[in-house]
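For reference, the chains in residue letters:
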Amino acid sequence: MDNDLNLTQHISRRYNAELEELRSDVMAMGGLVEKQLADGLIALSTSDTEIAELVATSDYKVNSMEVAIDEKCNQILARRQPAASDLRLVVAIIKTITDLERIGDEAEKLGQLSVQLADKSVTSSQFAELRHLGDHVKTMLNNALDAFARMDVADALRTIEADKQVNDEFESIMRQLITRMMEDPREIKNALRVSWCARALERIGDHASNICEYVIYLVKGKDIRHISVDKMREELV
Amino acid sequence: MKSESEHQQQTQADTSHQSENKAADIQQEVGATIGQPFVKQPKMQARHVDVFYGEKQAIYDVSLDLGKNEVVALIGPSGCGKSTFLRCMNRMNDTIPICRVSGMITLDDEDIYAEDMDPVLLRARVGMVFQKPNPFPKSIYDNVAYGARLHGLAFNKAELDEIVITSLQKAGLFDEVRDRLHEPGTGLSGGQQQRLCIARTIAVSPEVILMDEPASALDPIATAIIEELIDELRQNYTIAIVTHSMQQAARVSQRTAYFHLGKLVEIGATNQIFTNPLHELTENYITGRFG
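Remember, it's a predicted structure, so these values are computed and weren't measured experimentally.

Trainee: Go over the overall build of chain B, please, and point to the residues and values.
Mentor: Looking only at helices and strands, chain B has 12 helices and 11 strands in total. Taking all 291 residues of chain B together, the buried fraction comes to 53%. Contacts spanning at least 24 positions in sequence make up 68% of the contacts within chain B whose residues lie at least 6 apart.

Trainee: Go over the interface of chain B and chain A, please, and point to the residues and values.
Mentor: Contact with chain B, which involves 11 residues of that partner, is made by 16 residues of chain A. Where chain B abuts chain A, roughly 1100 Å² becomes buried across the two surfaces, and 47% of that area is made up of carbon and sulfur atoms. In this assembly, chain B and chain A are joined by 1 salt bridge. Put simply, Asp86 of chain A and Arg289 of chain B hold a salt bridge, and the shortest N to O gap is 2.8 Å. Viewed at the interface, chain A and chain B are joined by 9 residue pairs in polar contact (both at pLDDT 80 or more). Those elements giving two or more residues to the side of chain B that touches chain A turn out to be helix 11 (270-275) and helix 12 (280-286) of chain B. Classifying every residue of the side of chain B that touches chain A gives 4 nonpolar, 5 polar and 2 charged.

Trainee: A description of the nonpolar core should follow, citing residues and the corresponding values.
Mentor: The nonpolar side chains of a soluble globular protein tend to be buried, and buried together. Residue and element names in this part refer to chain A. One finds Ile93, Leu100, Leu130 and Leu201 to be the most contacted residues of the largest nonpolar core, which totals 61 residues. Taken together, the elements giving at least two residues each to this core come down to helix 1 (13-46), helix 3 (59-80), helix 4 (84-118), helix 5 (124-150), helix 6 (153-183), helix 7 (188-220) and helix 8 (229-236). Counting residues per element, this core draws most heavily on helix 7, which supplies 15 residues. Excluding residues within four positions of it along the chain, Leu130 makes contact with Leu44, Ile173, Val194, Cys197, Ala198 and Leu201.

Trainee: A description of a nonpolar patch on the surface should follow, citing residues and the corresponding values.
Mentor: A grouping of Ile188, Leu192 and Trp196 of chain A is seen on the molecular surface, where their side chains present a nonpolar patch of about 260 Å² in accessible area. Along the polypeptide, Trp196 of chain A turns up in helix 7.

Here is what the cut-offs are and how they apply
Residues numbered from 1 in each chain as written. Chains lettered and ligands numbered in written order. Predicted model: local features only at pLDDT ≥ 70, side-chain atom pairs only at ≥ 80, totals over all residues. Heavy atoms only, no water. Helix = DSSP H or I, 4+ residues; strand = E, 2+ residues; numbered from the N terminus. Buried < 20%, exposed > 50% of the residue type's maximum accessible area, 1.4 Å probe, protein only. Contact = heavy atoms within 4.5 Å. Buried area = accessible area lost by both parts, 1.4 Å probe. Salt bridge = Lys/Arg side-chain N within 4 Å of Asp/Glu carboxyl O. Polar contact = N/O pair within 3.5 Å; in protein donor to acceptor, adjacent residues only side chain to side chain. Nonpolar A, V, L, I, M, F, W, Y, C, P; charged D, E, K, R; others polar. Core = buried A, V, L, I, M, F, W, Y, C linked by side-chain atoms within 4.5 Å. Patch = residues over 30% accessible without salt bridge, like charges linked within 9 Å, V, L, I, M, F, W, Y side chains within 5 Å. Areas by Shrake-Rupley, 256 points an atom, 1.4 Å probe, with all protein chains shown as cover.

Quick look at the structure:
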């Protein structure tokens with residue numbers, strides 16, 4: 001699949017610079033969100049309350065970046081009236097940062113739940129499951145941001161496909177937790193917290209997948225939301 | 001009009017001639033038109049139209065339809081041939097002695113370049129509005145009545161009054177000028193003068209209206225009024241508009257055609273052209289990039 005978008009060389013160099021700045025702002029926001037997620041996962045697996053609290057209190061940085069990028073997008077829409085690929089870039093960015101901000105919220109949740117779980121007797125096997133899911137989701141987010149940076153449709157499609165595995169893993173963790181809760185009702189409180197962590201991770205996978213859909217929209221001009229991966233491939237041929 | 005085989009020979013001859021200059025190299029990159037040049041209900045059809053000014057070829061093998069009740073916007077950089085093409089549609093190019101048009105253009109399946117076609121009658125059916133408002137140095141009433149008188153559309157004063165008033169109403173100007181119909185048209189503001197010219201065009205009951213940058217000399221409010229008017233006129237007429245303002249093309253048209261160095265590069269639904277053009281040259285032009 002060719003990625004034939006050339007996003008340089010406007011006659012207005014200032015416009016070029018504005019769009020470039022917007023793209024690098026999104027990458028910076030993506031980097032921050034990745035760090036929040038990584039820290040959330042460390043807090044979860046090491047029961048380090050210091051990191052957990054840091055994650056829980058740093059979300060404001062992600063939020064303020066979202067507001068700032070949103071404002072820049074509004075300025076470009078109002079002053080430049082972008083068309084074609086430029087319009088798709090601005091629209092894709094407005095949507096991408098919403099998903100990034102929600103990933104930030106989920107990472108914050110992980111931090112808060114880690115603090116609550118830190119001093120409870122949660123078995124290491126559950127953390128192992130969560131860690132595996134977490135690593136998977138972290139890779140997805142990383143690939144989604146790479147696909148955005150390189151405007152790589154093939155990478156974006158692969159990342160969307162990977163979300164199915166994340167969903168399967170989430171279902172599997174939920175089944176285990178339900179079994180545990182039925183076996184020992186005293187475990188319900190902790191099991192619920194673990195399930196919320198799993199849920200947060202699964203949602204991050206969905207948001208990463210959304211970002212990939214915007215990348216495909218940006219590069220190919222095709223809206224492939226709400227259709228199966230096979231159909232997406234057909235549409236993109 | 002030439003036959004198809006003659007046309008092909010001509011095209012081959014032109015191609016060999018072109019390869020000597022740089023413009024021709026870019027032409028080859030352009031290739032065949034991308035998109036949907038033809039519609040189900042055409043009002044006017046252009047097929048393989050070439051236009052020459054003396055030795056110089058200005059339009060290369062352009063084929064497209066103007067559909068009934070649609071606004072087609074013609075866009076492209078200066079000198080791309082969009083105005084030349086527009087002028088072919090009502091034989092305005094006949095007035096330029098060195099201009100030669102080949103190919104086929106029809107209005108309701110009637111060849112407009114046929115020998116028995118009277119260009120004056122053709123221009124009543126295919127009217128034109130120009131970039132600069134050009135009212136005659138006459139009263140507002142006489143400006144609008146001029147064409148109707150020329151073509152004998154009214155048999156008495158009452159009928160002429162009716163034509164003038166209806167045309168001014170359709171052009172959205174009547175309320176502003178009802179008390180000064182006999183004052184000079186040149187005394188109106190730029191936007192009003194342009195609407196007066198549109199009223200003058202409508203007065204002879206055209207089927208197609210060609211507009212060559214009708215709002216480029218107007219302020220944003222007068223422009224908005226003209227654009228609103230274009231949308232209303234679409235109910236009764238077929239409209240082709242040449243414009244340098246891409247936002248205007250996006251606002252008023254249903255289909256957009258992109259011309260580049262005399263060729264029709266791409267034509268398609270305006271929604272598609274402005275969000276996802278298929279040709280790189282179209283993309284470069286509408287996003288303001290180097291070609």
